[in-house]
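Structure assessment
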Amino acid sequence: MKFIEKMLPEESPIDLLINLSRRGEAVVVLLKDAIEDYFTGKFGEGHLNRVISLERESDEIKLKLKKMYLKMKYTYFEKDDFLYIVHKADEILDLVRDIVIMLDMNRVEDVPENIKELFAELVENVLDTIRETTEAIEQLRTLAESGFSPFEKEKEEREIFDVSMEEREVDTISRNLGKKLYSLKNSMNPVDLIFLNKVARLISKIADQGKDITKRINSILR
């Protein structure tokens, strides 16, 4: 683990990573709105346009960050670790884009209320996971500035634990939703059933990115 004994420069790689992660959180908020509007018949191109706009901003940050980080001789974190976190943070935006594109392609009508409620619960818990992940990424800056002090490391470990617990809850809800969907196999259009199950799995995968990020952060602390 390498780090230098000076203050972080303005718009440092860590600052850019935090900006990237905040956009990931913002795009999951947009996904929450999109899912709600999808099941109430209010979904439109505006949802997709807003997601794509955030994704483009994030792509610019990611490219700038990679160029900056690869040129640096001395860094707070190993380059492989840092760029892995960047990749996973960017994957959150890519997943939301793919989900919203899917929603724009196929409209499923007459979805049972309990299925709608489970989708809302799933997205809410995914959002909680990504919020905790963003906090863990933000804590990296304080951690680096402190020279990896035991106190700041303990705070980061608590953030990592919170992400793990939230992601576990996402898995539970996702399995329950899958069971509920397949219980409708005799009463629901099979194509719509497969479609909704795929959407649910992709939503759950967003939380996986948060878990992967914090697992890598945890390895940095060791």
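The model shown is predicted, which means the values in this text are computed figures rather than measured ones. (Residues numbered from 1 in each chain as written. Predicted model: local features only at pLDDT ≥ 70, side-chain atom pairs only at ≥ 80, totals over all residues. Heavy atoms only, no water.)

The subject of this paragraph is the overall build of the protein. The number of helices and strands found in the protein is 6 helices and 0 strands. Secondary structure of the protein in N-to-C order comes out as α-α-α-α-α-α. Projecting the C-alpha coordinates of the protein onto the three principal axes gives extents of approximately 65 × 30 × 20 Å. Residue burial in the protein is summarised as follows: out of 222 residues, 49% are buried. Roughly 11400 Å² of accessible area belongs to the protein as shown, and the carbon and sulfur atoms make up 48% of that amount. Placing the 36 positive and 45 negative side-chain charges of the protein at their respective mean positions leaves the two points 5 Å apart. (Helix = DSSP H or I, 4+ residues; strand = E, 2+ residues; numbered from the N terminus. Buried < 20%, exposed > 50% of the residue type's maximum accessible area, 1.4 Å probe, protein only. Areas by Shrake-Rupley, 256 points an atom, 1.4 Å probe, with all protein chains shown as cover. Lys, Arg positive; Asp, Glu negative; His and termini not counted. Charge placed at Lys NZ, Arg CZ, Asp CG, Glu CD.)

Moving on to the side chain of Lys88. The topology assignment puts Lys88 in helix H3 (residues 79-105). Lys88 sits in the buried class, given a relative accessible area of 13%. Here Asp212 takes part through its side chain, which lies 3.0 Å from a polar atom of the side chain of Lys88. (Polar contact = N/O pair within 3.5 Å; in protein donor to acceptor, adjacent residues only side chain to side chain.)

Assignment of secondary structure puts Gln139 in helix H4 (residues 113-145). Owing to a relative accessible area of 8%, Gln139 belongs among the buried residues under this scheme. Not counting residues up to four positions away in its chain, the partners in contact with Gln139 are Glu152, Lys155 and Glu156. (Contact = heavy atoms within 4.5 Å.)

The next point concerns the packing of helix H5 (residues 150-182) against helix H6 (residues 190-221). Between H5 and H6, the least distance of the axes is 9 Å, while the angle of their chain directions is 165 degrees. For the element pair H5 / H6, the angle class is roughly antiparallel. The two elements H5 and H6 meet at a crossing, and its hand is left-handed. Here the residues of the contact of H5 with H6 sort into 12 nonpolar, 7 polar and 7 charged. (Axes fitted to C-alpha atoms, helices over the stretch in contact; angles between N-to-C directions. Parallel < 35°, antiparallel > 145°, perpendicular 65-115°, else oblique. Left-handed = near helix turned anticlockwise from the far one by under 90°. Nonpolar A, V, L, I, M, F, W, Y, C, P; charged D, E, K, R; others polar.)

Right, let's get into the pattern of salt bridges. One pass over the structure, following the stated rule, counts 17 salt bridges. The closest approach of N and O atoms between Glu152 and Lys155, which form a salt bridge, is 3.9 Å. You can see Glu152 and its partner Lys155 sitting in helix H5, 3 residues apart, about one turn around the helix. One salt-bridge network, in which partners are shared between bridges, spans Glu55, Asp94, Arg97 and Asp98. (Salt bridge = Lys/Arg side-chain N within 4 Å of Asp/Glu carboxyl O.)

For the protein, the average pLDDT comes to 90, and 94% of its residues sit at 70 or higher. Predicted confidence for residues 1-9 stays below pLDDT 50, and this span has 22 contacts to residues more than four positions away or in other chains. (pLDDT = per-residue confidence, 0-100.)

It is worth spelling out unusual backbone geometry at this point. Despite not being glycine, Asp110 has its phi angle at roughly 55 degrees, a positive value. In this structure, Asp110 sits in the loop between H3 and H4. In this structure, Phe148 takes a positive phi of about 60 degrees despite not being glycine.

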